[in-house]
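# Descriptive analysis of the structure
Read off the chains here:
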Amino acid sequence: NFSETSTIAGSFKEVGFERVEFEEKADVYVINTCSVTNQGDKASRNIIRQATRKNPDAMVIVVGCYSQLKPDEVGHIEGVDLVLGTQEKFTIPAYLGNLEKRATTEIKTTRLADIKSYHKAFSWGDRTRSFLKIQDGCDYYCSFCTIPFARGKSRNDNIQNTAAEAKKAVDKGFKEVILTGVNIGDFGKSTGENFLDLLKALENVEGLKRLRLGSIEPNLLKDEIIELVAGSEVIMPHFHIPLQAGSDEILSLMKRKYSTDLFAKRVTRIREIVPHAFIGVDVIAGTNGETEELFQESYDFINGLEISQLHAFTYSERSGTQALKIPWKVEIEDRKRRTQMYINLSEKKLRAFYEKHLGTQQNVLFESNNNSENMSGFTSNYIKVETTYNDELVNELREVKLKSILPNGHVSVTFA
């Protein structure tokens, strides 16, 4: 969503618009929604209402997954002029007209079966690192997830064009590019190529200093990819692998395509040949069918993995998903309690990972920061460091020594 939102903003600039901060009064508001959870829907509705309050005369356009899944629901929110689906959101200027408020909400979406085109995107003008979209859609249909219904089938551009987009990001001054998509390991499905060959091509993009992988499914994280990362000076030693549950019974109910044994083998292999790598893991707490015993099994499995951090999500019922047919429902309070247990475990894992690297020499890309006193950056293996703000360090790579863990959890540094 971030890379796509940036690209949408760029399409407005191309036709003469000026981008302003959300807090300012605008003529047109574009809200690119998320619908992964009920909370995503709720947050989207709140932002839409904020926009209509800031300028009741402004044109309000709502796009993204929430718009594709529930266009009529979005269209009934007061003040919304245009609701555009997954395919339409990349050509918003064509729908603007004379910028006057619509008498009735206009809804434009494409049927799921007809969503076939791929729209390239990378972020720029927003952060120090650029998020490069390399793939869209998903064919997995996990029982808890609505994304395949919102974004359609897995598809991508070819390697040559994707590498060209990375070069555009580099030419805009980005030293680090992060690969993003719905299921990036599935890259090549629509072009007869594969993710490994894409990585090899991106490694050779002139001027690209750092390439970081986004979330990649464990069944698609092949040994050849791990080996490529181990030997690469460009691809960062950083893996983000969605687990979702550390119980084979729950993974089966979720219709995931791997077992806990396969997942553990992936983590072990990474630690064998990229021992200093950062390993982030997604997990969902309280999904239908997760008894207290199965949750404990999941918790114990994750606790036994040598990972760096957990991203814990509380299960949220989504209409139209197969998970709703699973009989055992977890109480909301139990879901929240289990999520908090995962969060506490994550904090313990992250601190241990940071402590393990104190005293080591690391290469850091420093980022711009609105806080004038301090600035932060990330090591190649994704340790967040902090130092006194220095304008000359922004978007620069510097050798540092990791000193100590600060009260906010970041790491202080001394410069080599």
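The structure displayed is predicted, hence computed values, not measured ones. One numbering rule holds for all chains: residues counted from 1, following each sequence as written. Residues qualify for local features only when their pLDDT is at least 70, as the model is predicted, and side-chain atom pairs are given and counted only at 80 or more; totals for whole chains, interfaces and linings, by contrast, use all residues. Neither water nor hydrogens contribute to the side-chain values; these are computed over all heavy atoms in the structure.

With that settled, the discussion passes to the pattern of salt bridges. One speaks of a salt bridge when a side-chain nitrogen belonging to Lys or Arg is within 4 Å of a carboxyl oxygen belonging to Asp or Glu. Considering all chains together, one arrives at 37 salt bridges under this definition. The partner of Lys 70 in a salt bridge is Asp 41, with the nearest N and O atoms 3.7 Å apart. Residue Lys 70 is found in the loop between helix H3 (65-69) and helix H4 (71-75), and its partner Asp 41 is found in helix H2 (residues 38-54); the two are separated by 29 residues along the sequence. Buried means the residue's accessible area, taken with a 1.4 Å probe over protein chains only, is under 20% of the maximum for its type, while exposed means over 50%, and partly exposed covers the values in between. On the accessibility criterion, Lys 70 (22% relative accessible area) is partly exposed. We note a salt bridge from Glu 292 to Arg 337, for which the minimum N-O separation is 2.8 Å. You can see Glu 292 sitting in helix H11 (residues 292-303) and its partner Arg 337 sitting in helix H12 (residues 332-356), a full 45 residues away along the chain. Residue Arg 337 is classed as partly exposed on the basis of its relative accessible area, which comes to 34%. Connected through shared salt-bridge partners, Glu 4, Lys 89, Lys 133, Asp 136, Arg 151 and Arg 155 make up one network. Working definition: helices are DSSP H or I runs of at least four residues, strands are E runs of at least two. Numbering for both runs from the N terminus.

Looking now at the nonpolar core. For the purposes of this section, nonpolar cores are sets of buried Ala, Val, Leu, Ile, Met, Phe, Trp, Tyr and Cys residues that join through side-chain atoms within 4.5 Å. Counting 67 residues, the largest nonpolar core has Leu 179 and Phe 195 as its most contacted members. Throughout, a contact is declared for two residues whenever any of their heavy atoms are within 4.5 Å. Each residue touching Leu 179, except ones within four places of it in the same chain, is listed here: Leu 132, Ile 134, Ile 184, Phe 195, Leu 199, Leu 202, Leu 211, Arg 212, Leu 213 and Gly 214.

A word on helix H7 (residues 195-203). Buried within H7 we find Phe 195, Leu 196, Leu 198, Leu 199 and Leu 202. One side of H7 carries all its buried residues, which in axial view fall inside an arc of 160°. Elements that come into contact with the buried residues of H7 comprise helix H6 (159-171), strand E7 (176-180), strand E8 (210-212) and helix H8 (223-231). Under the rule applied, a polar contact is a pair of N or O atoms within 3.5 Å (in protein, one hydrogen donor and one hydrogen acceptor; residues adjacent in sequence only if both atoms are side-chain atoms). The distance from a side-chain oxygen at the start of H7 to the backbone nitrogen of Leu 196 is 3.2 Å, and the residue carrying that oxygen is Asn 194. This arc is taken over the directions from the axis of the helix to the C-beta atoms.

It is worth spelling out the packing of aromatic side chains at this point. The geometry of an aromatic ring pair is captured by the separation of the ring centres together with the interplanar angle, meaning the angle of the planes. Centres within 6.5 Å are what make two rings of Phe, Tyr or Trp a pair, Trp counting through its six-membered ring; a difference in plane orientation under 30 degrees is then read as stacked, over 60 as edge-to-face, and the rest as tilted. Inspection of the entire model under this criterion finds 12 aromatic pairs. With a centroid separation of 5.5 Å and 90° between ring planes, the pair formed by Phe 278 and Phe 353 is classed as edge-to-face. Taken together, the positions of Phe 278 in strand E10 (residues 278-285) and Phe 353 in helix H12 put the pair 75 residues apart, joining distant regions of the chain. We classify Phe 278 as buried; its relative accessible area is 2%. Relative accessible area serves as the criterion here: at 6%, Phe 353 is assigned to the buried category.

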